There are 2 protein chains.
Amino acid sequence: MNLTHIEHLGIAVKSLETAISYYENILGLTCYAVEEVAEQKVKTAFFKVGQTKIELLESTDPEGPVGKFIEKKGEGVHHIAFAVEGLQETLDLIAERGVTLIDKSPRKGAEGLNIAFLHPKSTFGVLTELCENPTK
Amino acid sequence: MNLTHIEHLGIAVKSLETAISYYENILGLTCYAVEEVAEQKVKTAFFKVGQTKIELLESTDPEGPVGKFIEKKGEGVHHIAFAVEGLQETLDLIAERGVTLIDKSPRKGAEGLNIAFLHPKSTFGVLTELCENPTK
């Protein structure tokens, strides 16, 4: 198992527009992409700080995962994504060690990455994503 | 303003011992320090992944900030800490721009860093810390 760095942090916000303004005008980061991910019922905005991206998530549907998260917990950090080398082997190993997986095999995520989620009931409340860049 | 990277993520857990076991034995990270911060009413455990540390936080008092956080929101990401160059100037600039500060001037944090917190009511639900390494 080799987690190399934190690939991104997913942050649930009520309004992408006002949150983008905060990250740009107050924190001085630059939004380099805005993307709608219909399957996840979110609009996303990306920033980079060091090795890590910040992915703001605005729900497009109150019944979507981010809409439900905000209703339950309010705005805040929704998930942590670690970059990993060898995603399928890592998932197999983690499952053997007793972790509940949301995705048993990688699927396509934003920016062409292969991704998979672990279930927060196995990860001490932190919804955890593992990502692999297939071009590396 | 220059945020260089994510210095650490603070993660609130009920039991440091069981959470350390997960981060070490499942995710393969190495706990390199355990420290009690009496002032914050927490015990902490540190891991490193790429540029970023993971700081697990177990409350030593239900009335402490992490105890209250877990009671309200459950286990999960408690705060994001950005590394910054020029902390006092950054705080002054951010305050001018209308952000509510918890710390108007830097104070000493773990590992000898100078730190300050922004109020989550100004930061879209993410309790945000800024850190400066005084030896750099």
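Residues numbered from 1 in each chain as written. Chains lettered and ligands numbered in written order. Predicted model: local features only at pLDDT ≥ 70, side-chain atom pairs only at ≥ 80, totals over all residues. Heavy atoms only, no water.

A. Here's a closer look at the environment of B:Ala19. Inspection of the secondary structure assignment puts B:Ala19 in helix H1 (residues 16-26). A relative accessible area of 0% means that B:Ala19 is categorised as buried. Separated by 26 residues in the primary sequence, B:Ala19 and B:Ala45 have C-alpha atoms spaced 9.4 Å apart. Setting aside residues no more than four positions away along its own chain, B:Ala19 makes contact with A:Phe124, B:Val13 and B:Leu56. (Helix = DSSP H or I, 4+ residues; strand = E, 2+ residues; numbered from the N terminus. Buried < 20%, exposed > 50% of the residue type's maximum accessible area, 1.4 Å probe, protein only. Contact = heavy atoms within 4.5 Å.)

B. Representation of the sheet that holds strand E4 (residues 52-59) of chain A in the model. All names here are of chain A. Strand order in the open sheet formed by 8 strands is E2-E3-E4-E1-E5-E8-E7-E6, and the pairing between neighbours is mixed. Strands at the two margins of the open sheet, each flanked by one partner only, are strand E2 (33-37) and strand E6 (107-108). Sheet topology note: the strand E1 (residues 3-13)/E4 ladder contains 6 bridges and is parallel. If you follow Val13 over to E4, its bridge partner there is Glu58. Relative to E4, helix H1 (residues 16-26) is tilted by about 155°, and along the sheet it contacts E1, E2, strand E3 (42-49) and E4. (Pairing = 2+ DSSP bridges. Axes fitted to C-alpha atoms, helices over the stretch in contact; angles between N-to-C directions.)

C. Local environment of H1(B). B:Leu16, B:Ala19, B:Ile20, B:Tyr22, B:Tyr23 and B:Ile26 are the residues of H1(B) that are buried. Taken from the residues just after H1(B), B:Gly28 is the one with a positive phi, measuring 80°.

D. Geometry of the confidence of the model for chain A. Taken as a whole, chain A shows an average pLDDT of 94; of its residues, 100% reach a score of 70 or greater. Taken together, the chains of this predicted complex give a pTM of 0.94 and an interface ipTM of 0.93. (pLDDT = per-residue confidence, 0-100.)

E. Molecular detail of the side chain of B:Glu55. All names here are of chain B. With respect to the helices and strands, Glu55 occurs in strand E4 (residues 52-59). Comment: no salt bridge for buried Glu55; closest opposite-charge side chain is Lys53, at 8.6 Å. In this structure the side chain of Glu55 is engaged in a polar contact, spanning 3.0 Å, whose partner is the side chain of His8. In contact with Glu55, other than residues within four places in its own chain, are His8, Leu9, Gly10, Ile11, Thr44, Ala45, Phe46 and His79. (Lys, Arg positive; Asp, Glu negative; His and termini not counted. Salt bridge = Lys/Arg side-chain N within 4 Å of Asp/Glu carboxyl O. Polar contact = N/O pair within 3.5 Å; in protein donor to acceptor, adjacent residues only side chain to side chain.)

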